[in-house]
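What follows is the residue order along each chain.
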Amino acid sequence: MNRELASAIDTLYDTFAAVPRPTGIGACPGCFGADDARGLLRPVPLRSLPATALAQYAMHVGLTAGAADDFRHFLPRMLEVSVTDGFGGPEVGFVYPEVDAFFGRLRFAGWTTWDPAEQTAVREFLAAFWHDVLTTDPDWTFSADEVLCGIGNAEDDLTPYLATWAALLPATHPAAHLRQQLARQHVNAFWDGRAAQLAQVAAWLAEAPAGS
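Residues numbered from 1 in each chain as written. Predicted model: local features only at pLDDT ≥ 70, side-chain atom pairs only at ≥ 80, totals over all residues. Heavy atoms only, no water.

What about the packing of aromatic side chains?
Move 1: This structure, assessed with the given rule, holds 10 aromatic pairs.
Move 2: With a centroid separation of 5.8 Å and an interplanar angle of 80°, the aromatic rings of Phe16 and Trp114 are classed as edge-to-face. Pair noted here: Phe16 is in the loop between α1 (3-15) and α2 (34-40) and Trp114 is in the loop between α6 (105-108) and α7 (116-134), with a separation of 98 residues, a long-range link.
Move 3: A relative accessible area of 3% means that Phe16 is categorised as buried.
Move 4: Between the aromatic rings of Phe71 and Phe102, the centroid separation amounts to 6.5 Å while the plane-to-plane angle is 40°, which identifies the pairing as tilted. In this pair, Phe71 is assigned in helix α4 (residues 68-82) and Phe102 in helix α5 (residues 99-102), connecting sequence segments 31 residues apart. Of the two residues, Phe71 and Phe102, both sit in the buried class.
Move 5: An aromatic cluster of three or more residues is present, and its members are Phe32, Tyr57 and Phe74. (Phe/Tyr/Trp six-rings, centres within 6.5 Å; stacked < 30°, edge-to-face > 60°. Helix = DSSP H or I, 4+ residues; strand = E, 2+ residues; numbered from the N terminus. Buried < 20%, exposed > 50% of the residue type's maximum accessible area, 1.4 Å probe, protein only.)

Here you go:
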């Protein structure tokens, strides 16, 4: 994790610090039960909340559990976990949701209607993560493909992210690798329902330098 991404995560915690911790989580009991809720709502600082305590909530929020306000409270920790160790582990047996699916939960919470400072903090995080991925060895935890798809599931306009990508071609191998990968018609399934954003990427690919 580079310095810019670490700083963006710190900003998320600072910006959302005033969002109160929920006292309960509305959910389908079969998907998110009482034990899950107790683990999630334990009285510890948000940054100390174990990733495994967030796993079931992150999996089901926006689908069968959670509401926009509790999502906002847990968001800094969920975003931090999603780009570091992931939500899984031996205790839960999975690492999902991956970032290409999880970032789309921001739309469930109506994040583009939030306070401008909160929107800015989220965008700075997405921008820093995207830059980090495009300048890191492609054998790292995240592929640039899944991260771009995740951002496309959160953002309506990908212009600034495509500009970052263009600026890094052909200087960084991950950026060039993604250019070559998508030019071969590789399409992440999580683009489903985001036709306008995928069209932005396709139009950019038609004009972008091939890289190296």
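Structure's up, so let's keep going.
So, α4
Move 1: Spanning 15 residues, α4 covers only 18 Å between terminal C-alpha atoms, well under the ideal 21 Å at 1.5 Å per step.
Move 2: Along α4, the helix axis deviates most sharply at Phe74, where the bend reaches about 55°; the proline Pro76 sits within four residues downstream.
Move 3: Of all 15 residues in α4, 13 are buried; the element is thus mostly enclosed. (Expected span 1.5 Å × (residues − 1). Bend = angle between axes of the 7 residues up to and from the residue.)

Things to note about the packing of α7 against helix α8 (residues 144-154)
Move 1: Two elements in contact, α7 and α8, have axes separated by 10 Å at closest approach and are oriented at 165°. Classed by the angle they form, the pair α7 and α8 counts as roughly antiparallel. Both α7 and α8 take part in a crossing whose hand is left-handed. Contact residues: α7 offers Leu126, Phe129, Trp130, Val133 and Leu134, while α8 offers Ala144, Val147, Leu148, Ile151 and Ala154. (Axes fitted to C-alpha atoms, helices over the stretch in contact; angles between N-to-C directions. Parallel < 35°, antiparallel > 145°, perpendicular 65-115°, else oblique. Left-handed = near helix turned anticlockwise from the far one by under 90°. Contact = heavy atoms within 4.5 Å.)

So, the environment of Ile25
Move 1: Mapped onto the elements, Ile25 comes out in the loop between α1 and α2.
Move 2: Take Ile25: its relative accessible area is 14%, and that puts it in the buried class.
Move 3: Between the C-alpha atoms of Ile25 and Asp70, which are 45 residues apart in sequence, the distance is 7.6 Å.

Overview of the environment of Thr15
Move 1: With respect to the secondary-structure elements, Thr15 resides in helix α1.
Move 2: Owing to a relative accessible area of 25%, Thr15 belongs among the partly exposed residues under this scheme.
Move 3: Thr15 sits 103 residues away from Glu118 along the chain, and the two C-alpha atoms are 6.2 Å apart.
Move 4: Excluding residues that lie within four positions of it along the chain, Thr15 makes contacts with Ala117, Glu118 and Ala121.

As for α7
Move 1: Here α7 is 19 residues long and its end C-alpha atoms lie 27 Å apart, about the 27 Å a rise of 1.5 Å per residue gives.
Move 2: Restricting attention to buried positions, one finds in α7 the residues Glu118, Gln119, Ala121, Val122, Phe125, Leu126, Ala128, Phe129, Trp130, Asp132, Val133 and Leu134.
Move 3: Where α7 starts, the residue carrying a side-chain oxygen 2.9 Å from the main-chain nitrogen of Ala117 turns out to be Asp115. (Polar contact = N/O pair within 3.5 Å; in protein donor to acceptor, adjacent residues only side chain to side chain.)

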